[in-house]
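# Secondary and tertiary structure notes
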Amino acid sequence: KFKKQGVKTVLITEPFILSTSKKWDEAVEKNILAKDSVGNPARFDFYFGNTGIVDIYNKKGRDWFWNIYKEIRSLGVKGFWGDLGEPEVHPTWVQHASGSANEVHNIYGHDWAKLIYEGYQKEYANERPFILMRAGYSGSQRFGMVPWSGDVNRSWGGLQSQPEIALQMGMQGMAYMHSDLGGFSGANLNDELYTRWLQYGVFQPIFRPHAQEEVPSEPVFRSEKAKMLAKQSIKLRYSLLPYNYQLVFENNQYGKPLMRPLFFNDKELKEVATSYLWGNDFLVSPVLASKVKEQQVYFPKDAVWFDFYTDEKINGNQVKKILVKESSIPTYVKGGAFIPLAKAMQTTDEYNFNIVDIHYYHDDTVNNSKSQLYNDDGETANAFEKGMFELVTFKSESNNNLLKIHFSSKIGKQYSTSKKKFDLIIHNISNTS
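### Some details on the side chain of S285
- Within the element layout of this structure, S285 appears in the loop between β12 (282–284) and β13 (294–299).
- Residue S285 is classed as buried on the basis of its relative accessible area of 1%.

In structure tokens form, the structure reads like this:
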């Protein structure tokens, strides 16, 4: 029923099996649980009851766990969420096949993601797995792992640390680091906080509200005003799909993070984390405190910047106080950038790469520029390597009052493309001969 509405279902899974569960006897019989010091299934108390933990370092445990995922996938599930994989409760006396709890604790989440990833490679090699994990380790990006910053407090303090966490993790390879939009823990029903977190979320790798049950995370439970503002953020996120997909491609091929520190553009801004680059062309300054009327924004040098919402031009190499609007956070586009925006849609199933608006931000200081836009079927694993893609290139040349825009494309050998209708919108240009 969800699938018919364009909803892809992702289910939460955990590596623990309650001793009161119907699965407990099966787990003991099949010898898939970690052990105590004398070889019995390790049992310890957790907040949801007495439990054991799957020993993914035992081949029997790995195979049993993977078969659980295969069974869930057969129901039509499109992705898996691994929670509590630090593991959250992991007594030091617990013994795994490869060593003690202390020896495997920090890498358990990493190897859990690897288990699912390798299962897909072996049995569903043409599919891209979606693997959301709360715990990982150096190199977990090899398994396509999507991490998040855990049970963040629903407070301004909880929000304030999120951009810097994501920027640091992105530079370490974990480009999909994100936060529960609106915050996770605490019975704090604050519409202003919720709105600002969603506005920031438009420009973080994963747009995903999630929270404890005290306060629902869905916009529908908010005030009319908060719902209206949430809708604006959600619509903008969908419209950025072609731009964001190019960022994903760049990460896949070159390791570039989606969120990038300002020093990617200006080496002198090494200590600034309150603003950041979204890809190469957006400058974003999240609102991280209550009742902010104006905000100091750093504009990197060697560029001019245009207000994404008003087209106001601001020169780079300066710090400027910007008036803050309720409906958006300060967002700017670099001069010379091509920004592709998709038409309105209710689900990514409706996304049409063949009908896209291309916004070019012209400035006389930019003599030439170049951008690319990647596309494939959105489903096939290693589509680029298999030649199942198209790559559109946009170039601009500007001199002597003459602006030239060039479109070209590269089509993979195994890809069937279609005719395209790109509407070109040029910003900051006068309509004179």
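### What to know about the environment of R43
- Here R43 is to be found in the loop between α1 (24–29) and β3 (44–46).
- Residue classification places R43 among the partly exposed positions, given a relative accessible area of 46%.
- Each C-alpha atom of the pair R43 and M259 lies 42 Å from the other, and the pair is 216 residues apart in sequence.
- Sequence-distant contacts of R43, that is, excluding residues within four places in its chain, are made with S19, W24, N50, T51 and W93.
- Side chain to side chain, R43 and N50 meet in a polar contact 2.9 Å long.

### A look at the environment of H427
- Mapping H427 onto the fold places it in strand β23 (residues 421–427).
- Here H427 is in contact with D311, H359, Y360, Y361 and H362, once residues within four sequence places are set aside.
- Of the polar contacts made by the side chain of H427, one reaches the side chain of D311; its length is 2.8 Å.

### Some thoughts on the sheet that holds strand β9 (residues 145–147)
- Taken together, the 4 strands give an open sheet; going across it, the order is β1-β5-β8-β9, and neighbouring strands pair in parallel fashion. The sheet is open, and its two edges are formed by β1 (10–13) and β9, each paired on a single side. Geometrically, the sheet is characterised by an average inter-axis angle of 25° between neighbouring strands, direction not taken into account.
- As paired elements, strand β8 (residues 131–133) and β9 share 3 bridges and run parallel to each other. Its bridge partner being in β9, L132 is matched across the sheet by V146.

### Some thoughts on the packing of helix α2 (residues 59–73) against helix α4 (residues 108–123)
- Where α2 contacts α4, the axes come no closer than 10 Å and their chain directions differ by 65°. Helix-helix and strand crossings are classified by hand; for α2 and α4 the assignment is right-handed. In this structure, α2 contributes R62, F65, W66, Y69, K70 and R73 to the contact, and α4 contributes W112, L115, I116, G119, Y120 and E123.
- Here the residues of the contact of α2 with α4 are counted per class, giving 7 nonpolar, 1 polar and 4 charged.

### So, α4
- The end-to-end C-alpha distance of α4 is 23 Å, a good match for the 22 Å that 16 residues give at a rise of 1.5 Å each.
- When we look at burial in α4, the residues that qualify are Y108, G109, H110, D111, W112, A113, L115, I116, G119 and Y120.

### Here's the deal with α2
- Taking 1.5 Å per residue as the helical rise, α2 with its 15 residues ought to reach 21 Å, and the 21 Å between its terminal C-alpha atoms agrees with that figure.
- By the burial criterion, the buried members of α2 are G61, W64, F65, W66, I68, Y69 and I72.
- Those residues of α2 that are buried lie in contact with β1, β2 (16–18), α1, β5 (79–82) and α4.
- If you check the start of α2, you find a side-chain oxygen 2.9 Å away from the backbone N of K60, and it comes from N58.

### Some words on the side chain of R237
- Summarising the element assignment, R237 is placed in helix α8 (residues 224–239).
- In this structure, R237 is buried with no salt-bridge partner, the nearest side chain bearing the opposite charge being D180 at 13 Å.
- Only 2.7 Å separates the side chain of R237 from the backbone oxygen of Q204, close enough to count as a polar contact.
- In contact with R237, not counting residues within four places along its chain, are G201, V202, F203, Q204, P205, I206, F207, N244 and W278.

Calculation rules
Residues numbered from 1 in each chain as written. Predicted model: local features only at pLDDT ≥ 70, side-chain atom pairs only at ≥ 80, totals over all residues. Heavy atoms only, no water. Helix = DSSP H or I, 4+ residues; strand = E, 2+ residues; numbered from the N terminus. Buried < 20%, exposed > 50% of the residue type's maximum accessible area, 1.4 Å probe, protein only. Contact = heavy atoms within 4.5 Å. Polar contact = N/O pair within 3.5 Å; in protein donor to acceptor, adjacent residues only side chain to side chain. Pairing = 2+ DSSP bridges. Axes fitted to C-alpha atoms, helices over the stretch in contact; angles between N-to-C directions. Left-handed = near helix turned anticlockwise from the far one by under 90°. Nonpolar A, V, L, I, M, F, W, Y, C, P; charged D, E, K, R; others polar. Expected span 1.5 Å × (residues − 1). Lys, Arg positive; Asp, Glu negative; His and termini not counted. Salt bridge = Lys/Arg side-chain N within 4 Å of Asp/Glu carboxyl O.

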